[in-house]
Amino acid sequence: MGHRRSRGPEVPAPRGPRSQGSPLQHHVSIILTPGMTIPEEDNLLECLLDPGEKPVCAAPLAGWTDAPYRKILRQFNVRHMWIPFVSTHAVASTKSPNRDGYVRQVLEEGGHVQIFGNNPRICRKAAGILEGAGAASIDFNCGCSVRKVHKGGGGSLLLKDLDLLEENLKAILDAVSIPVSLKTRIGFHLKDDKSGIEACRRAQDLGCAWVTLHGRYARQGFDGTADWDWIARLVDELSIPVIGNGDVAEPSDVKRMFDETGCAGVMVGRAILGDPWMIGDCRRYLEDGTSRPSRTRDEIVDVMLEHQRLILEGWPPPKGVWEFRKHVAKYLRGFAQASILRNMIVRCDDSEEVERMLREFGEGRPPSAISG
Ligand SMILES: Cc1cc2nc3c(=O)[nH]c(=O)nc-3n(C[C@H](O)[C@H](O)[C@H](O)COP(=O)(O)O)c2cc1C
């Protein structure tokens, strides 16, 4: 479409149903230009622009926040989440086995999507397809360092070539009218490299709606601690919203991140695994300082069994049971006897057996041998 999304208070409110009579119209109009629309069902940008909102988002976690877990998160009223990243090549190519599955998820959920890639032509095509499927926004991943992402020159590798990163981002922005965002890290190499910060500056200049900064360097992986100071510096410098990310383990960390950095939103990653209560607890803590209630075994088992059921809808046994196993360890973190139970479940291919073992655990009984 090629329209520019320059910022500026003179820009009129966006077209579309959401702009009509919305109390947030003024905030939204600050960074939206005509033709850039936000789908009806999504309001992350509005929340980010409203200082009273403090949105707490579920991070994209490839292999974990898949469709079944996203359904669980929605049941827990998590309002902001992403379908984890997909390669732009996969989306753009009719021959890719991943294409249909990903596009189907977008058609069904219409949520925020995340892409990685390094070819502007392919990025443009993929972005157009995902917008056509109903994506609420498109996030461009420039922070990930896993082999599959680096192999195609995408993710954090683009921090080594900011002009190429910019070309890709521009291609995505030109292709769609939904919000486009960037998720990145401080830089690639430790300490001396602030390419991620520069990437965020460029993202703002190009017209991105927001940026997410994980306060680590790509080379760090998940080592060390996230440096929130860089999130604060970015907030000071940019006028588009910044979502802060990295090392939120407790609801009090979310409050600390908002207070210490001034970020517009917080993204919680690993702490939501096996813990769909986390984001709601964070929101309650922000509202009135309520500390986390402890959950009964029964309560946890009910959620686990619902999670297994949802996984089995997509992957019949034994695959679905295998898929569920990795989540079991996360749900049972910190419980006595959890390792015995985990080891038993890891050897079991039968979903009903898994259910029986989990029910016993829920009732506080010691794990008993696999029957049959
Ligand atoms: C298993 C796993 C999968 C991840 N997948 C993605 C992904 O698909 N896209 C992305 O931008 N980041 C991904 N990340 C990074 C997280 O979104 C987040 O930035 C990181 O975990 C830091 O947040 P935390 O300290 O709250 O976990 C992943 C991280 C993990 C541990």
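See the structure shown above.
Only a predicted model underlies this, so the values are computations on that prediction, with no experimental measurement involved.

Rules and cut-offs
Residues numbered from 1 in each chain as written. Predicted model: local features only at pLDDT ≥ 70, side-chain atom pairs only at ≥ 80, totals over all residues. Helix = DSSP H or I, 4+ residues; strand = E, 2+ residues; numbered from the N terminus. Contact = placed C-beta atoms within 7 Å. Buried ≥ 20, exposed ≤ 12 C-beta atoms within 10 Å, placed from the backbone. Pairing = 2+ DSSP bridges. Axes fitted to C-alpha atoms, helices over the stretch in contact; angles between N-to-C directions. Core = buried A, V, L, I, M, F, W, Y, C linked by C-beta atoms within 7 Å.

(A) Local environment of the environment of Gly111. With respect to the helices and strands, Gly111 occurs in the loop between helix H5 (97–109) and strand S3 (112–116). Each C-alpha atom of the pair Gly111 and Trp82 lies 6.5 Å from the other, and the pair is 29 residues apart in sequence. Not counting chain neighbours up to four residues away, the residues in contact with Gly111 comprise Met81, Trp82, Ile83 and Ala136.

(B) Here's a closer look at unusual backbone geometry. For the bond from Pro317 to Pro318, the omega torsion is 5 degrees, close enough to zero to count as cis. Mapped onto the fold, Pro318 is located in the loop between helix H13 (297–314) and helix H14 (319–331). Within the chain, Asn77 stands out as a residue other than glycine whose phi angle is a positive 65 degrees. Of note, Asn77 is situated in the loop between helix H3 (67–75) and strand S2 (82–87). Assessed through the 10 C-beta atoms surrounding it within 10 Å, Asn77 is described here as exposed. In the Ramachandran plot, Asp247 falls in the positive-phi region, its phi being about 70 degrees despite a non-glycine side chain. Tracing the chain through its elements places Asp247 in the loop between strand S7 (242–245) and helix H11 (251–261). Classification of Asp247 as partly exposed rests on a count of 19 C-beta atoms within 10 Å.

(C) Examining the sheet that holds strand S6 (residues 210–214) more closely. With parallel pairing, the 8 strands of this open sheet are ordered in space as S1-S8-S7-S6-S5-S4-S3-S2. At either end of the open sheet lies a strand with only one pairing partner, and these are strand S1 (56–58) and S2. Put simply, the sheet's adjacent strands are angled 25 degrees from each other on average, direction ignored. Of the pairings in the sheet, the one linking strand S5 (residues 180–185) to S6 comprises 5 bridges and is parallel in character. Within the sheet, the bridge partner assigned to Thr184 lies in S6 and is Leu213. In the packing of helix H10 (residues 228–237) onto the sheet, contacts are made with S6 and S7, and the angle to S7 comes to roughly 175 degrees. Its contacts with the sheet put H11 on S1, S7 and strand S8 (265–268), and the angle it makes with S8 is roughly 140 degrees.

(D) Region of the structure containing the nonpolar core. Core analysis: the biggest nonpolar cluster contains 85 residues, and Ile115, Ile138, Ile172, Val242 and Val268 have the highest contact counts within it. Looking at this core, the element that brings in the most residues is helix H8 (residues 162–175), giving 6 residues.

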